[in-house]
Amino acid sequence: MSTTTTRGVAQPAPATASPARPRRGLRGNPTVNFWLFTGPFLIGLAIFVFVPIFWSIWLSFFDARYTVTPSKFVGFDNYVQILTNSEFPDSLVTFTVFAAFIVPTTWALSLGLALLVNRLRFMRAFFRSVFFLPTAVSYVAAALIWKMSIFSGVRFGLMNTMLGWFGVDNIAYLANPSPPWYWLVIVTLRLWIQSGFYMILFLAALQNIPAELYEAAAIDGAKPGWQTFRHITLPQLRATSTAVILLLLIAAYQAFDEFFNIIGQKATWAQTPLMELYKTALGTSQDYGAGSAGAVVLSLLICLVTLIQGKFMGFGRGEDSK
């Protein structure tokens, strides 16, 4: 230890702090920690998502019947087959009708439930849970309940029993496409399952609207109710509404469980795109090449609809550009 002299008295020099050594091991290495926590997720994502996607695209250009191993390159023949020589285009029409029913009704019902729950001053958590609980029910179980209990074509069905009280004859909801009563069964099932989830999204957005906006509107003479809803609430929910509509459209494209369990494969008048791909790839023909081509076409349609909707509703656009 070095010393210094002050007025003839030797004093030890002040000790200098040694530089801190970087921590070693997993706790002090952020790069290792990052890959340690995200690595399993990325591996699972690559194996179960990205590899099947790229393999499906690759398979769509080959003749692959009864096997997932490409055997003969056919180019775009599978795409021509799925778009012309199958019922896949007709299923897109079915989807359009289904989406025209389910998207606006689910949006309106979810927003209405969110407005009602948001205005409650007591038992808000209870009603929020009650409306959200149906989302935990599987589509298969709900479809069987709707088909065999509520909308059963015999007189023991709940709806026919209630209509019988008013002297209305039994209605065969799922027997034939004319009149199309099956839409009532499918749309009400989707509304019951989906509305609670989107209600939570709208409810969170409503609670994030500053109260000062309503106070300023009241000072300016705006009347509570439709006027404040139209000029304050609805514009503040624009981003949430765009996201909800996008999710509803994607869910409509992917409709399968309720159609498969309520309508079945034999009813050709109500087939969704996924049901047609299911029959093509996993049916008697087991044409995995054509099925993969249909999956690629359906994915491109979803992307196209997403881009169009984002352009139309300004999804992701900043506040200054509105």
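Residues numbered from 1 in each chain as written. Predicted model: local features only at pLDDT ≥ 70, side-chain atom pairs only at ≥ 80, totals over all residues. Heavy atoms only, no water.

## Considering the overall build of the protein chain
Okay, so step 1: Helix and strand content of the protein chain: 13 helices and four strands.
Okay, so step 2: In the protein chain, which comprises 322 residues, the share counted as buried stands at 33%.
Okay, so step 3: Taking contacts inside the protein chain between residues at least 6 apart in sequence as the whole, the part at least 24 apart equals 64%. (Helix = DSSP H or I, 4+ residues; strand = E, 2+ residues; numbered from the N terminus. Buried < 20%, exposed > 50% of the residue type's maximum accessible area, 1.4 Å probe, protein only. Contact = heavy atoms within 4.5 Å.)

## Details of the packing of aromatic side chains
Okay, so step 1: Evaluated as defined, the whole model comprises 22 aromatic pairs.
Okay, so step 2: Geometrically, the ring pair formed by Trp58 and Phe62 is tilted, given 4.9 Å between the ring centres and 40° between the ring planes.
Okay, so step 3: On the basis of relative accessible area, Trp58 is assigned to the partly exposed category, the value being 48%.
Okay, so step 4: Classification of Phe62 by relative accessible area gives buried; the value is 12%.
Okay, so step 5: On the basis of an interplanar angle of 75° and a centroid distance of 6.1 Å, the ring pair of Trp183 and Phe259 is categorised as edge-to-face. Taken as a pair, Trp183 in helix H7 (residues 182-207) and Phe259 in helix H11 (residues 257-262) lie far apart in primary sequence, 76 residues in all. Phe259 carries the same exposure label as Trp183, and that label is buried.
Okay, so step 6: Among the aromatic residues, ring-to-ring pairing joins Phe98, Phe101, Tyr182, Trp183 and Phe259 into one connected group. (Phe/Tyr/Trp six-rings, centres within 6.5 Å; stacked < 30°, edge-to-face > 60°.)

## Regarding the packing of H7 against helix H10 (residues 238-253)
Okay, so step 1: Where H7 contacts H10, the two axes come as close as 10 Å, and the packing angle between them is 160°. In terms of their interaxial angle, H7 and H10 are classed as roughly antiparallel. Where H7 crosses over H10, the handedness of that crossing is right-handed. Of H10, the residues touching H7 (which contributes Arg190, Gln194, Tyr198, Leu201, Phe202 and Ala205) are Thr240, Ser241, Val244, Leu247, Leu248, Ala251 and Ala252.
Okay, so step 2: Counted by class, the contact of H7 with H10 contains nine nonpolar, three polar and one charged residues. (Axes fitted to C-alpha atoms, helices over the stretch in contact; angles between N-to-C directions. Parallel < 35°, antiparallel > 145°, perpendicular 65-115°, else oblique. Left-handed = near helix turned anticlockwise from the far one by under 90°. Nonpolar A, V, L, I, M, F, W, Y, C, P; charged D, E, K, R; others polar.)

## With respect to the environment of Gln286
Okay, so step 1: With respect to the helices and strands, Gln286 occurs in the loop between helix H12 (273-282) and helix H13 (288-313).
Okay, so step 2: Separated by 221 residues in the primary sequence, Gln286 and Arg65 have C-alpha atoms spaced 5.7 Å apart.
Okay, so step 3: If we skip the residues at most four places from it in the chain, Gln286 touches Ala64, Arg65, Tyr66, Thr280 and Ala281.

## Thoughts on helix H3 (residues 88-119)
Okay, so step 1: Helix length check: H3 (32 residues) gives 45 Å between terminal C-alpha atoms against 46 Å at 1.5 Å per residue, within 8%.
Okay, so step 2: Remark: the principal bend of H3, roughly 30°, maps to Ala99. (Expected span 1.5 Å × (residues − 1). Bend = angle between axes of the 7 residues up to and from the residue.)

## What about helix H2 (residues 77-84)?
Okay, so step 1: Within H2, the full set of buried residues consists of Asn78, Tyr79 and Ile82. Along the axis of H2, the buried residues cluster in a sector spanning 100°; they form a single face. (Arc of directions from axis to C-beta.)

## What about the UniProt feature "transmembrane region" (unreviewed entry) in the protein chain?
Okay, so step 1: Here, UniProt's "transmembrane region" (unreviewed entry) annotation points to residues 34-58, 92-118, 125-146, 181-206, 237-256 and 288-308.
Okay, so step 2: End C-alpha to end C-alpha, residues 34-58 measures 32 Å, and it is 100% helix and 0% strand.
Okay, so step 3: The span residues 125-146 is 73% helix and 0% strand, and its two end C-alpha atoms sit 28 Å from each other. (UniProt positions renumbered as here; feature names shortened; annotations may be inferred.)

## Focus: the pattern of salt bridges
Okay, so step 1: Summed over the entire model, instances satisfying the criterion amount to four salt bridges.
Okay, so step 2: Two residues, Arg65 and Asp63, come together in a salt bridge whose shortest N-O distance is 3.9 Å.
Okay, so step 3: For Asp63, a relative accessible area of 29% translates into the label partly exposed.
Okay, so step 4: A salt bridge links Asp287 to Arg65; the nearest nitrogen and oxygen atoms lie 3.3 Å apart. Of this pair, Asp287 sits in the loop between H12 and H13 while Arg65 sits in the loop between strand E3 (62-63) and strand E4 (72-73), and the two are 222 residues apart along the sequence.
Okay, so step 5: Among the residues examined, Asp287 registers a relative accessible area of 2% and is labelled buried.
Okay, so step 6: In the salt-bridge network here, residues are joined through shared partners; they are Asp63, Arg65 and Asp287. (Salt bridge = Lys/Arg side-chain N within 4 Å of Asp/Glu carboxyl O.)

## Some remarks on unusual backbone geometry
Okay, so step 1: Of note, Met123 is a non-glycine position whose phi angle comes to about 55°, a positive value.
Okay, so step 2: As for its placement among the helices and strands, Met123 is situated in the loop between H3 and helix H4 (124-132).
Okay, so step 3: For Met123, a relative accessible area of 44% puts it in the partly exposed group.

## Points about the nonpolar core
Okay, so step 1: With 55 residues, the main nonpolar core has Phe98 and Phe259 as its most contacted residues.
Okay, so step 2: Those elements that place two or more of their residues in this core are H2, H3, helix H5 (139-150), H7, H10, H11, H12 and H13.
Okay, so step 3: The element that contributes the greatest number of residues to this core is H7, accounting for 14 residues.
Okay, so step 4: When residues no more than four places from it in sequence are discounted, the contact partners of Phe259 are Thr94, Phe98, Trp183, Ile186, Gly264, Ala270, Thr272 and Met275. (Core = buried A, V, L, I, M, F, W, Y, C linked by side-chain atoms within 4.5 Å.)

## Observations concerning the side chain of Asp287
Okay, so step 1: At 3.3 Å, the side chain of Asp287 and the side chain of Arg65 are in polar contact.
Okay, so step 2: Separated by 3.3 Å, the side chain of Asp287 and the backbone nitrogen of Ala290 make a polar contact.
Okay, so step 3: The residues touching Asp287, leaving out its near neighbours within four places in the chain, are Ala64, Arg65, Gln81, Thr280 and Ala281. (Polar contact = N/O pair within 3.5 Å; in protein donor to acceptor, adjacent residues only side chain to side chain.)

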